[in-house]
Amino acid sequence: MTESAQSYFPSIPPNAPKATISYCRSVQEAPISALMGVVVDARIPERHPVTPRCRVRKMVGSTNRWRLPESLGSDLLGSSQAIKAVHMSYNNSLVNIITAESPVLNMNLDISRPYMFRQTDDRPITEPDRKYSQQRLSVDSFTVPATAPSVKLRNTPSPLAPIRKFVPTNARPATPKDIFLYHSKKSHSLLGPDVVLKCLSMDWELHRPFLQKADVLASLVKDAEDPKFHKYYRTPASETLDTYIKKNQFYSNDYKEISNRLSMVEDPQEEEVKGVDHPAHVSEKRVNSVSIIKLDCHDPLLTKTAMAVALGNLYHDELEVELEEVANVLAAASVLGFKALQNTCGKMMLENISHRTVCKYHLAASKYQQEQVVLACERWLELNLIPQMSCQIQLRDVPMDLLQKILKSNRLFTFNEYSIYRLLSYWLFLQLNPHIQLMPSHSTVLSYYNSLPKNCALVEKDEGQIYAPLFSAVRLTGITDTNHIQDMQMMNILPQSQLIDLLSQHYHALQNGGDTCTSNLGLFVNLAKRQGFIMDSFEPHYHSEVLSLHGFHFELKAVRSSAGHVAFYMQRLKPGDPILSFRQCERHTFSMRPDREVRYCITVQQCNKGDNAVLTTGIVSQKFGLGDKTSRSECLKMEKLDCPVYVTFAVMFPSS
């Protein structure tokens, strides 16, 4: 079953009637209005027109919520109930009653037929099928019932979705043997199995003609010893009892041998001699001459269930693999040399890479030479490590060497440089706290690092030195927000001397018109500040962000033309430009240099089932001025785009 088939998507609820909304609002405001007392104009608050009767209290569970807006006066019991209603939060019962659908709240009743609850995908028809005569349901003799009937009428609409099959919670889960027997039942062999594979502490009964699909099994059968008689359990009950006795430490070894000898049979002639009253007598079972082969496997990815699926697919022309077990089945297929199943698992993995599966798929594909899957997982991480993995608990499963490789990739997408530092701080927090089961909040991570001893930075300690290469991949010069630098100082992951050096570089750049320190000049890929955004849809046809660096402000644009192609470019902004926020215009520094040499690179990426499409301008050096002709960068155009689109702008100021 695919992942989409198991997912649950409730239907969009219809708009609530105005009467229903006003009723809920009146129930919520009634006790507050009653406790306020007499108002200045002495007007009596309007009561919701639910019933014409006066002062009718409706019991709502244990709360008995007050629903009359009039002043309470000396009504002590009403005051007590109103105060209780104000201070008590809505429980589930009260919410269900207030928002319930009922004939009282429905204003569109048809007097010609009884009230019917609306039918949706998440509420199929479950009324019992009863038969009523047409005379009884005629319009003339019909009266609106006080409660919603459970009668299924002739014109009742059919359910929009089939009712799911009920599975008891205490149902016995399928064992590996059950799965294997389900797949291998297509072998209509009357002679029984002729090969027994001993693997993973289990005996797998196979048939020789089907083993030619797996190269390893075929070679093992070819080199196996001459066939010999194999003992079979008489019944499943005998197998269960003997297995229990073997695993139980209460029984002696002699007793275990006796139990095994009485539970299994080898020679049919010996079975015929025994009488009906013999304690070991059970109905005669098949006995065949079999070849015994052994396969030793010590891989945590290889499970008994996966081996059962892999061996069972030997009997199929069309391979069947569950999506949840595809990585484990790949391990089993690789051990057996089942190339067709390996290719099938590889194709399934390519089509179902997500934040839940990418780490497991990469591990299995790396171990069993699925280079295409490995490359697809790495490409997926380059684009989605920051947008998706940074907020999922599966981040802790990313191995350190893979994380370092992705962070140093030129194709890595990030919203800004601080997003990378924040990702690493979360990943390190999950490594140091492996018992965490939910993704922590930013305040939790910040409090944890702030609680550590302040005698030295975390990466300078013995247990944190192995993580230092990860933080070296962060372009600290691109982190210019003072709030972000303050968080970094509180975490104390990096040495304080490194943060002081970062602040001095920013101050030097502001004093020198954006020029960086001479000692830090190096490659563009190591010093350029990155900022990016994701276009999930092309409505609206325009996207804009502001990149600020050392007093220079640039607008990052993505514009879709009427012809269908999308143009990506950046443009220098003047002081007081309308696109700048009030805080940016009032508080941020502006450089009045008429021109500024800038090195930049615009990269647009797409990913579709492992295939990456990358379009880039390359590293371009250009002088940006304040005029209309000199303020705009080179334009990068793409004609055919598939959402989502990952756009990254990298900017660096060389010495001038």
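Calculation criteria
Residues numbered from 1 in each chain as written. Predicted model: local features only at pLDDT ≥ 70, side-chain atom pairs only at ≥ 80, totals over all residues. Heavy atoms only, no water. Helix = DSSP H or I, 4+ residues; strand = E, 2+ residues; numbered from the N terminus. Buried < 20%, exposed > 50% of the residue type's maximum accessible area, 1.4 Å probe, protein only. Polar contact = N/O pair within 3.5 Å; in protein donor to acceptor, adjacent residues only side chain to side chain. Contact = heavy atoms within 4.5 Å. Pairing = 2+ DSSP bridges. Phe/Tyr/Trp six-rings, centres within 6.5 Å; stacked < 30°, edge-to-face > 60°. Lys NZ or Arg CZ within 6 Å of the ring centre and 35° of its normal. 1 Å grid on protein atoms, 1.4 Å probe; cavity = no way out; pocket = protein on both sides within 12 Å on 5 of 7 lines; lining within 4 Å. Points joined across faces, edges and corners; volume = space filled by probe spheres on them.

## Quick look at the side chain of Lys557
Move 1: Inspection of the secondary structure assignment puts Lys557 in strand E9 (residues 552–560).
Move 2: Given the relative accessible area of 12%, Lys557 is considered buried.
Move 3: Polar side-chain contacts of Lys557 include one of 3.3 Å to the side chain of Gln571.
Move 4: Leave out the neighbours within four places in its chain, and Lys557 touches Tyr542, His543, Ala567, Phe568, Tyr569, Gln571 and Phe649.

## A few points about the pairing of strand E7 (residues 529–535)
In summary, the side chains of a regular strand alternate between the two faces of the sheet.
Move 1: Among the 7 residues in E7, 6 count as buried, and that is most of the element.
Move 2: When E7 meets strand E15 (residues 645–652), the two strands line up antiparallel, connected through 7 bridges. Within E15, the residue paired with Ile534 across the bridge is Tyr646.

## A word on the packing of aromatic side chains
Move 1: Under the counting rule described, the total for this entry stands at 15 aromatic pairs.
Move 2: Ring geometry for Phe413 against Phe415: centres 5.3 Å apart, planes inclined by 80°, an arrangement best described as edge-to-face.
Move 3: Here Phe415 falls in the partly exposed class, since its relative accessible area comes to 31%.
Move 4: Between the aromatic rings of Phe429 and Tyr448, the centroid separation amounts to 5.1 Å while the plane-to-plane angle is 80°, which identifies the pairing as edge-to-face. Within this pair, whereas Phe429 is found in helix H16 (residues 417–432), its partner Tyr448 is found in helix H17 (residues 442–451), the two being separated by 19 residues in sequence.
Move 5: According to the relative accessible area criterion, Tyr448 is partly exposed, its value standing at 22%.
Move 6: A network of ring pairs unites the aromatic residues Phe552, Phe554, Tyr600, Phe624 and Phe653 as a single cluster.
Move 7: Taking NZ or CZ as reference, Arg632 lies 3.8 Å from the ring centre of Tyr569, over its face.

## Section: empty space enclosed by the protein
Move 1: What the rule picks out here adds up to 4 cavities of 30 Å³ or more.
Move 2: Considered as a void within the structure, the second largest cavity measures approximately 50 Å³ in volume.
Move 3: Lining the second largest cavity, in full, are Gly551, Phe552, His553, Arg572, Leu573, Pro575, Phe590, Ser591 and Leu626.

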